[in-house]
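Given next are the chains, with one letter for each unit.
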Amino acid sequence: MASALKNLSRYNDSEIPDAAALSFGIVVAEWNAHITHALYEGCYDTLLRHGAKAENIHTVQVPGSFELPAGARILNGQKNLDAVICLGCVIKGETNHNEYINQAVAQGLVNLSIATGKPFIFGVLTPNDEQQALDRAGGKHGNKGVEAAVTAIRMAALKRGVSEGKKKIGF
Ligand code: RBF
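All of the points below concern the structure found in this document. (Residues numbered from 1 in each chain as written. Predicted model: local features only at pLDDT ≥ 70, side-chain atom pairs only at ≥ 80, totals over all residues. Heavy atoms only, no water.)

## Some words on the overall build of the protein chain
In terms of regular secondary structure, the protein chain is built from 5 helices and 6 strands. When the elements of the protein chain are put in sequence order from the N terminus, they spell out β-α-β-α-β-α-β-α-β-β-α. In the protein chain, buried positions account for 43% of the 171 residues. (Helix = DSSP H or I, 4+ residues; strand = E, 2+ residues; numbered from the N terminus. Buried < 20%, exposed > 50% of the residue type's maximum accessible area, 1.4 Å probe, protein only.)

In structure tokens, the structure reads:
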């Protein structure tokens, strides 16, 4: 199992673009709030650490993960954002609800990304149980909120670079 072998939040700081000029939306699901708020802390701190300004980070909460795409679309319509990060945690239970929710959120965020040409980041944990969620929300497998923030910065910078007509990106 790949995630047993590495801490997924480890990355090379120097390879991440400066986020000082970028603005972000963060949408947080309230279900499993002890997990999603830990994801949020990791996400928010990472954006700040890479130069994003607090006044350029806009956060809203939605009831559950199923509402993440709608919340992201609403927030994107209200603010001028370079990327929107969606954070949630859908724990597998006795029924198949998790599959329907996860599929809907993933598809919803892809649809938004393609329709707008803007990154909508999937920061939703899909664990089998609560311990797996804790392990990925600041536990032994790092914090997926950190990864979501890094992905948002990289994708937002990619979009800015492309839209500013730079001939060379990266390297
Ligand atoms: N939302 C989550 O973010 N995580 C969950 O683990 C979760 N489990 C749910 C289980 C069931 C049986 C149902 C009906 C909803 C669940 N939701 C969960 C809430 C869902 O994302 C959404 O807020 C509601 O279905 C209302 O649209």
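Still to come is the rest of the account.
## Observations concerning the pairing of strand E4 (residues 120-125)
Note on strand geometry: in a regular strand, side chains alternate between the two faces of the sheet. With respect to burial, E4 is a largely interior element, 5 of its 6 residues being buried. Sheet topology note: the strand E3 (residues 83-89)/E4 ladder contains 6 bridges and is parallel. Bridge pairing links Ile 85 to Ile 121 in E4. For the crossover that starts at E3, traverses helix H3 (residues 97-116) and ends in the parallel E4, the hand is right-handed. (Pairing = 2+ DSSP bridges. Right-handed = clockwise from strand over helix to strand, strands pointing away.)

## Comments concerning the nonpolar core
Counting residues in each nonpolar core, the largest one holds 28 residues, and the members touching the most others are Phe 24, Ile 26, Leu 47, Ile 85 and Leu 87. At the level of elements, strand E1 (24-29), helix H1 (33-49), E3, E4 and helix H5 (144-163) are the ones that each hand at least two residues to this core. Among the elements that line this core, the one with the most residues is H5, at 6 residues. Once you skip the residues sitting within four places of it in the chain, Ile 26 turns out to touch Tyr 40, Cys 43, Tyr 44, Leu 47, Ile 57, His 58, Thr 59, Val 60, Leu 75, Ile 85 and Leu 87. Counting residues in each nonpolar core, the second largest holds 15 residues, with Val 27, Ala 72, Val 84 and Leu 112 among its members. (Core = buried A, V, L, I, M, F, W, Y, C linked by side-chain atoms within 4.5 Å. Contact = heavy atoms within 4.5 Å.)

## A few points about H1
End to end, H1 covers 23 Å across 17 residues, agreeing with the expected 24 Å (1.5 Å per residue, within 8%). When H1 is considered as a whole, its buried residues turn out to be Ile 35, Thr 36, Leu 39, Tyr 40, Gly 42, Cys 43, Thr 46 and Leu 47. With its buried residues spanning 165 degrees around the axis, H1 presents them on a single face. Looking one or two residues past H1, Gly 51 carries a phi angle of roughly 105 degrees, positive in sign. (Expected span 1.5 Å × (residues − 1). Arc of directions from axis to C-beta.)

## Considering the site of the ligand
Around the ligand sit Trp 31, Asn 32, Gly 64, Ser 65, Phe 66, Glu 67, Cys 89, Val 90, Ile 91, His 97 and Ile 101, and those are all the residues in its vicinity. Within the contact set of the ligand, an oxygen atom lies 3.4 Å away from a side-chain nitrogen or oxygen of Asn 32. Cys 89 has a polar backbone atom sitting 2.8 Å from a nitrogen atom of the ligand. Look at the ligand: alone it shows 540 Å² of surface, and the protein chains cover 66% of it. For the shell around the ligand, the class distribution of residues is 6 nonpolar, 4 polar and 1 charged. (Near = heavy atom within 4 Å. Polar contact = N/O pair within 3.5 Å; in protein donor to acceptor, adjacent residues only side chain to side chain. Areas by Shrake-Rupley, 256 points an atom, 1.4 Å probe, with all protein chains shown as cover. Nonpolar A, V, L, I, M, F, W, Y, C, P; charged D, E, K, R; others polar.)

## With respect to the environment of Glu 99
Mapped onto the elements of the fold, Glu 99 is located in helix H3. Taking the C-alpha atoms as reference points, Glu 99 and Thr 126, 27 residues apart in sequence, are found 9.1 Å from one another.

## Digging into the pairing of E1
The buried count for E1 comes to 6 of 6 residues, which makes it a mostly enclosed element. What you see with E1 is no split at all: Phe 24, Ile 26 and Val 28 on one side and Gly 25, Val 27 and Ala 29 on the other are buried throughout. Inspection of the sheet shows E1 paired to strand E2 (residues 57-62) by 6 bridges, in the parallel sense. When the bridges of E2 are listed, Ala 29 appears paired with Val 62. In this view, the connection linking E1 to its parallel neighbour E2 by way of H1 has right-handed handedness. For E1 and E3, the ladder comprises 5 bridges, and the chain directions are parallel.

## A few points about unusual backbone geometry
At Asn 32, a position not held by glycine, the phi torsion is positive, near 55 degrees. Among the secondary structure elements, Asn 32 is positioned in the loop between E1 and H1.

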